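Examination of the molecular architecture
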Amino acid sequence: MCCRALWTEEEIAYNGTYYKIPRREVLPKPVQRPHPPLWSACGSDETARQTGSLGMGGLFGGEGGPDRVRELMALYREALRTAPRSGSAAPPRAALMTAGYCHEDPHVAAERGSELVGWYIEQQRERARLVWRDYDPATVPPDYQGYYARDQRLAAGPHPGEPTPREVRDRGEQFCVGTPTECIRFIELYEALGIEEMILLCAVGPAAHEEVINTVRLFGEQVIPHFRAKEKRVAVN
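The numbers attached to residues start from 1 for each chain and follow its sequence in the written order. Local features are withheld for residues below a pLDDT of 70 in this predicted model, meaning they are given only at 70 or higher, and side-chain atom pairs are given and counted only at 80 or more; totals for whole chains, interfaces and linings count all residues. Calculation of side-chain values draws on the structure's entire complement of heavy atoms; hydrogens and water are dropped beforehand.

1. Some thoughts on the side chain of S114
- Helix and strand assignments come from DSSP, with helices taken as H or I runs of at least 4 residues and strands as E runs of at least 2, each series counted from the N terminus. With respect to the helices, strands and loops of the structure, S114 is situated in helix α4 (residues 106-131).
- We call two residues in contact whenever any of their non-hydrogen atoms come within 4.5 Å of each other. Those residues within four positions of S114 in sequence are excluded, and the remaining contacts are A109, P165, R166 and R169.

Written as structure tokens, this is what we have:
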């Protein structure tokens, strides 16, 4: 891969279909050996398999819920079994990326959390509309057909029978939004699937700076200590 070569080789040249790099030296080199961890998004069956086959860390999205993440994780892990490994490289990890909002008041967590979830879902629809705007469907590459079909349905929404933002929030399976207890429950749901890291998008759309800081504070005071205590109990046992 080009990034790996940039980090590990003295000089590099690349002649690809879309990009060409004349021979040159790239400095500074990273401190990590042999190189920093490599990650790739796993948003489809194809990308989950490809990410695993390359021995990279997997980035999964919570929008599809735990059932979809479970499916993608299975494909990723299966491909990971036969991936090339560098003896000194850290083992690849799986992370979940989703919206995060935490408040100690259950009423505020539900009401404001539902507003932020609604904004996030609508932004996904708007992104789907803009990405393929004026794009000729006949020219969509085969490995993007799945994305195209997904985005077309998303862009046409909301559809009859779809859950409301409040229902999505209350279900607590797609977004880490709620009280500290609810956020802990959400993280443990994905921890059970093999997710090892959480990447929470707290500065979501209309979220005020004070709300973001409050979320960070509650995670530091209540959520993270919960998992540190769990680690200690596991180590003792």
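Back to the text.
2. Concerning the pattern of salt bridges
- What makes a salt bridge here is a side-chain nitrogen of Lys or Arg within 4 Å of a carboxyl oxygen of Asp or Glu, nothing more. Inspection of every chain in the model, using the stated rule, returns 23 salt bridges.
- Between R93 and E196 there is a salt bridge, with the nearest N and O atoms lying 3.8 Å from each other. On the criterion of sequence distance, the pair formed by R93 in the loop between α3 (65-80) and β5 (94-102) and E196 in the loop between α7 (180-191) and β7 (197-201) is long-range, its members being 103 residues apart.
- Classification of R93 by relative accessible area gives partly exposed; the value is 35%.
- Between buried and exposed lies partly exposed: a residue is buried under 20% and exposed over 50% of the maximum accessible area for its type, with that area taken using a 1.4 Å probe on protein chains only. For E196, a relative accessible area of 43% gives the class partly exposed.

3. A word on the environment of V117
- Mapped onto the elements of the fold, V117 is located in helix α4.
- Residues V117 and T98, spaced 19 residues apart in sequence, show a C-alpha to C-alpha distance of 10 Å.

4. Structural notes on the side chain of T179
- Residue position: T179 is located in the loop between β6 (176-178) and α7.
- Discounting chain neighbours no more than four positions away, the residues touching T179 are C102, H103, E104, D105, P106 and A109.

5. Description of empty space enclosed by the protein
- Only protein atoms enter the 1 Å grid used here. Points where a 1.4 Å probe fits but cannot escape make up a cavity, open sets with protein on both sides within 12 Å along at least five of seven lines make up a pocket, and a residue lines them when an atom lies within 4 Å of a point. Grid points are joined across faces, edges and corners, and a volume is the space filled by probe spheres set on the points. Applying the stated rule across the entire model yields 1 cavity of 30 Å³ or more.
- In this structure, the largest cavity encloses a volume near 30 Å³.
- Those elements that provide at least two residues to the lining of the largest cavity are β5 and α4.
- Sort the elements by how many residues they give to the lining of the largest cavity and α4 lands first, with 3 residues.
- Three residue categories are used. Nonpolar comprises Ala, Val, Leu, Ile, Met, Phe, Trp, Tyr, Cys and Pro, charged comprises Asp, Glu, Lys and Arg, and polar comprises the others, including Gly. Of the residues belonging to the lining of the largest cavity, the class tally is 6 nonpolar, 1 polar and no charged.

6. Side note on the packing of aromatic side chains
- Paired rings are identified among Phe, Tyr and Trp, the last through its six-membered ring, by centres lying within 6.5 Å, and are further divided according to the angle between planes into stacked (under 30 degrees), edge-to-face (over 60) and tilted (the rest). One pass over the structure, following the stated rule, counts 6 aromatic pairs.
- With 5.8 Å between their ring centres and 80° between their planes, F60 and Y76 make a pair best called edge-to-face. Taken together, the positions of F60 in strand β4 (residues 57-61) and Y76 in helix α3 put the pair 16 residues apart, joining distant regions of the chain. Each member of the pair F60 and Y76 is classed as buried.
- An aromatic cluster is present here, built from W132, Y135 and Y148 joined pairwise through their rings.

7. Some remarks on a nonpolar patch on the surface
- A contiguous nonpolar surface patch, about 460 Å² in accessible area, is contributed by Y14, Y18 and Y19.
- Tracing the backbone through its elements, the reader meets Y18 in the loop between β1 (12-15) and β2 (20-24). Residues enter a patch when their relative accessible area is above 30% and they make no salt bridge; the linking distance is 9 Å between like charges and 5 Å between nonpolar side chains (Val, Leu, Ile, Met, Phe, Trp, Tyr). Only the protein chains shown count as covering a residue, and every accessible area follows the Shrake-Rupley method with a 1.4 Å probe.

8. Some thoughts on the nonpolar core
- The definition of a nonpolar core used throughout is a set of buried Ala, Val, Leu, Ile, Met, Phe, Trp, Tyr and Cys residues joined through side-chain atoms within 4.5 Å. Formed by 22 residues in total, the largest nonpolar core has its most connected members in F60, V69 and I195.
- Mapped by element, the contributors of at least two residues to this core are α3, β5, α7 and α8 (209-236).
- Of the residues forming this core, the biggest block, 5 residues, is contributed by α7.
- If we ignore the near neighbours within four places in the chain, the residues touching I195 are F60, V69, M73, A94, A95, L96 and Y190.
- Counting residues in hydrophobic clusters, the runner-up holds 13 residues, among them Y101, V177, A207 and V212.

9. Some points on the environment of C183
- Here C183 shows up in helix α7.
- Placed 40 residues apart in sequence, C183 and V223 show a C-alpha to C-alpha distance of 7.3 Å.
- Look past the residues within four positions of C183 in its chain and what remains in contact with it is Y101, C102, C176, V177, G178, F219 and V223.

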